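Here's the letter readout for the chains.
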Amino acid sequence: MTTRWIEITVGLFVALGIGALFVLALKVSNLSEYGGEEGYQVHAYFSNIGGLKERAPVTLAGVRVGRVSDIRYDPERFQARVTLTLSAQHDYLPKDTQASIYTAGLLGEQYVALEPGAEEAVLEDGDTLLFTQSAVVLEELIGRLMVNLTQD
Amino acid sequence: MTALQALGRWWLGVLGRLGRGHLFLLRTLVALGPLMLRPRLWIRELYSVGVRSLLIILVSGLFVGMVLGYQGYITLVDFGSAEALGTVVALSLVRELGPVVTALLFAGRAGSALTAEIGLMKATEQLSSMEMMAVDPYRRVLAPRFFAGILSMPLLAALFSAVGVAGGYLVGVGVLGVDAGAYWAQMQANVDVFDDVLNGVIKSLVFGLVATWIAVFEGYDTEPTAEGVSRATTRTVVHTALAVLALDFILTGLMFGAL
């Protein structure tokens, strides 16, 4: 076993191992979602966010344009404040854009869908969305249905 | 009274070994500094510890991934969510099976060899003769092996997980007909780089440290007889397996318990 052979195989081993780590980071997990493109942030207040989580997608007509970067409770407005990070290329959204929380599939993950309004002025970093629609809670819906049924 | 004495002797023996083990770790860590000036020494050990474990790790990873593909599919298809197969395979491999199974295989493949080699060096008084020639066995023999073990474990675990994911793909997409796009998309949507992949790498680093520490220490602490070497080799495998599984429980609790 020559030293040359040993060093070549060890080099190959280390390169393979580091390559596997890169595959795990890039192909298997979501590293590509972190950092990279810079975006701008807008806030939206919801009275109920249902099961929305951080890093949930933000879509525009189904096309992904950003993600939820922060969720916290605002004790002054008694509402949930959701911070949306939108990628910088989508800088054409009108000020009266509406944000709604929907569910992908019947029991899937929840996401924020944006619907552009009609105003001329566009959203800028730090703006707050004026129109929001909270998540639909299944129990609430069933409760309302039961009330309607018993009234008839 | 004799039973009590036996218990006391056993406990003192355990404490003594524990103390020697920690002093040993300290001296080896101190010897790691000068080792960096002579990379030839640990590159050679990286070959016998890392490169020669490659085959068993790759083959095991592939088969574990393929079995996960089958078992995950059988469970998920009942709930109509066979697309989640990618998530199931990747999360089980990256979080648990990658680091743990690699550490267990490492103990059997490389740890036992390390113990037997160092134990035999001690039994044939090679270590003592090194000391006679003013060569520090910690720097020359123990630290290179220790360092190579710690370095190769995360690399081997990453390879195990990567090959396993490919094995799950082979079975899930190739044999069972899960959609290829859904396999990767679901995986990427649910596996987090920091929460899952990085924690897995930290786990394998800890296991690497513990497995190599036990292997090298057992070799160095061997009774210098043929029987002693054989006992030390067995102890290496058993103790490493127990330590890795117990540590895995603690680390999992710390890393994923709060999620």
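What counts, and at which threshold
- Residues numbered from 1 in each chain as written.
- Chains lettered and ligands numbered in written order.
- Predicted model: local features only at pLDDT ≥ 70, side-chain atom pairs only at ≥ 80, totals over all residues.
- Heavy atoms only, no water.
- Helix = DSSP H or I, 4+ residues; strand = E, 2+ residues; numbered from the N terminus.
- Buried < 20%, exposed > 50% of the residue type's maximum accessible area, 1.4 Å probe, protein only.
- Pairing = 2+ DSSP bridges.
- Contact = heavy atoms within 4.5 Å.
- Buried area = accessible area lost by both parts, 1.4 Å probe.
- Salt bridge = Lys/Arg side-chain N within 4 Å of Asp/Glu carboxyl O.
- UniProt positions renumbered as here; feature names shortened; annotations may be inferred.
- Phe/Tyr/Trp six-rings, centres within 6.5 Å; stacked < 30°, edge-to-face > 60°.
- Lys NZ or Arg CZ within 6 Å of the ring centre and 35° of its normal.
- Core = buried A, V, L, I, M, F, W, Y, C linked by side-chain atoms within 4.5 Å.
- Domains from an automatic or database assignment.
- Axes fitted to C-alpha atoms, helices over the stretch in contact; angles between N-to-C directions.
- Parallel < 35°, antiparallel > 145°, perpendicular 65-115°, else oblique.
- Nonpolar A, V, L, I, M, F, W, Y, C, P; charged D, E, K, R; others polar.
- Polar contact = N/O pair within 3.5 Å; in protein donor to acceptor, adjacent residues only side chain to side chain.

**Regarding unusual backbone geometry**
Residues and elements named next belong to chain A. Even without glycine at this site, Ala-61 takes up a positive phi of about 50 degrees. Relative to the helices and strands, Ala-61 is located in the loop between β2 (57-60) and β3 (63-74). The class for Ala-61 is exposed, based on a relative accessible area of 79%. For Phe-78, which is not glycine, the phi torsion reads 55 degrees and is therefore positive. Mapped onto the secondary structure, Phe-78 falls in the loop between β3 and β4 (79-87). Under the relative-accessibility criterion, Phe-78 is labelled exposed at 61%.

**Observations regarding the sheet that holds strand β1 (residues 39-46) of chain A**
Residues and elements named next belong to chain A. Spatially, β7-β1-β4-β3-β2-β6-β5-β8 is the arrangement adopted by the eight strands of the open sheet, whose pairing is mixed. Sheet topology places β7 (128-129) and β8 (131-133) at the edges, where each strand pairs with a single neighbour. Both strand β5 (residues 98-103) and strand β6 (residues 110-115) contribute to a ladder of six bridges, which runs antiparallel. Each bridged residue has a counterpart across the sheet, and for Gln-98 the counterpart in β6 is Glu-115.

**A short note on the pairing of β5 of chain A**
Direction of pairing for β5 of chain A relative to β8 of chain A: parallel, over a ladder of three bridges. Bridge assignment links Ala-99 of chain A to a residue of β8 of chain A, and that residue is Thr-132 of chain A.

**Comments concerning the interface of chain B and chain A**
At the junction of the two partners, chain B supplies 28 residues and chain A supplies 25 residues. When chain B packs against chain A, the two sides together hide about 2,400 Å² of surface, and 76% of this comes from carbon and sulfur. It is Tyr-47, Leu-155 and Gln-188 of chain B that lose the most area in chain B upon contact with chain A, and together they represent 23% of the buried surface on that side. For the interface between chain B and chain A, the tally reads one salt bridge. Arg-40 of chain B is the partner of Glu-7 of chain A in a salt bridge, and the nearest nitrogen-oxygen pair spans 2.6 Å. Contributing elements (two or more residues each) for the side of chain B that touches chain A: α2 (39-49), α4 (85-123), α6 (137-175), α7 (180-190) and α8 (193-220) of chain B.

**Comments concerning the UniProt feature "transmembrane region" (unreviewed entry) in chain A**
In the numbering adopted here, UniProt assigns the feature "transmembrane region" (unreviewed entry) to residues 6-26 of chain A. Regarding residues 6-26 of chain A, the helix share stands at 100% and the strand share at 0%, and the terminal C-alpha atoms are separated by 30 Å.

**A closer look at the UniProt feature "transmembrane region" (unreviewed entry) in chain B**
Per the UniProt annotation, the sites labelled "transmembrane region" (unreviewed entry) are residues 49-70, 166-185, 197-217 and 237-258 of chain B. Strand forms 0% of residues 166-185 of chain B and helix 80%; the C-alpha atoms that close the span are 14 Å apart.

**A closer look at the packing of aromatic side chains**
A complete count under the given rule lists 10 aromatic pairs over all chains for this structure. Look at Tyr-169 of chain B and Tyr-183 of chain B: their rings are 5.6 Å apart centre to centre, the planes differ by 70 degrees, and that puts the pair in the edge-to-face class. Here Tyr-169 of chain B is found in helix α6, whereas its partner Tyr-183 of chain B is found in helix α7, with 14 residues between them in sequence. The class of Tyr-183 of chain B is buried, set by a relative accessible area of 0%. Of the aromatic side chains, those joined through ring pairs into one cluster are Phe-24, Tyr-138, Phe-217 and Tyr-220 of chain B. Lying over the aromatic face of Trp-184 of chain B, Lys-27 of chain A brings its terminal NZ or CZ to 5.0 Å of the ring centre. Lying over the aromatic face of Tyr-45 of chain A, Arg-77 of chain A brings its terminal NZ or CZ to 3.7 Å of the ring centre.

**A few points about the nonpolar core**
By size, the foremost hydrophobic cluster in this structure holds 71 residues, and its most contacted members are Phe-13 of chain A together with Phe-24 and Leu-142 of chain B. Ignoring anything within four residues of it in the chain, the contact list for Phe-13 of chain A reads Leu-46, Gly-50, Val-51, Leu-54, Ser-152, Leu-155, Leu-156 and Leu-159 of chain B. Of all hydrophobic cores here, the second largest spans 23 residues; its members include Leu-52, Ile-101, Leu-129 and Ala-135 of chain A.

**Focus on the domain arrangement of chain A**
Entries for chain A in the domain assignment read domain 1 (1-34) and domain 2 (37-142). One C-alpha centre belongs to domain 1 of chain A, the other to domain 2 of chain A; they are set 40 Å apart.

**So, the packing of helix α1 (residues 2-35) of chain B against α6 of chain B**
Residue and element names in this part refer to chain B. With their axes 8 Å apart at the nearest point, α1 and α6 run at an angle of 95 degrees to one another. In terms of orientation, α1 lies roughly perpendicular with respect to α6. Of the residues in α6, those touching α1 at Phe-24, Leu-25, Arg-27, Thr-28, Leu-29, Ala-31, Leu-32, Pro-34 and Leu-35 are Tyr-138, Arg-139, Leu-142, Ala-143, Pro-144, Phe-146 and Phe-147. Taken together, the residues of the contact of α1 with α6 break down into 13 nonpolar, one polar and two charged.

**Side note on the side chain of Thr-28 of chain B**
Structurally, Thr-28 of chain B can be placed in helix α1. Given a relative accessible area of 0%, Thr-28 of chain B falls into the buried group.

**Some details on the side chain of Thr-9 of chain A**
Within the secondary structure layout, Thr-9 of chain A lies in helix α1 (residues 3-28). At 2.9 Å, the side chain of Thr-9 of chain A forms a polar contact with the backbone oxygen of Ile-6 of chain A. With sequence-adjacent residues up to four places away left out, Thr-9 of chain A is seen in contact with Tyr-47 and Val-51 of chain B.

**Quick word on the environment of Leu-84 of chain A**
Residue and element names in this part refer to chain A. Tracing the sequence through the fold places Leu-84 in strand β4. Residues Leu-84 and Arg-55, spaced 29 residues apart in sequence, show a C-alpha to C-alpha distance of 9.2 Å. If we ignore the near neighbours within four places in the chain, the residues touching Leu-84 are Tyr-40, Gln-41, Val-42, Val-58, Arg-67, Val-68, Ser-69, Val-112, Leu-114 and Leu-129.

**A few points about the pattern of salt bridges**
All names here are of chain B. This model, assessed by the stated rule, comprises 15 salt bridges over all chains. A salt bridge links Arg-17 to Glu-218; the nearest nitrogen and oxygen atoms lie 2.7 Å apart. Taken as a pair, Arg-17 in helix α1 and Glu-218 in helix α8 lie far apart in primary sequence, 201 residues in all. A salt bridge links Lys-203 to Glu-96; its shortest N-O distance comes to 2.7 Å. Of the two residues, Lys-203 sits in helix α8 while Glu-96 sits in helix α4, which places them 107 residues apart along the sequence. When its relative accessible area of 0% is taken as the criterion, Lys-203 is described as buried. Through salt bridges with shared partners, one network takes in Arg-17, Arg-20, Glu-218, Asp-221 and Arg-235.

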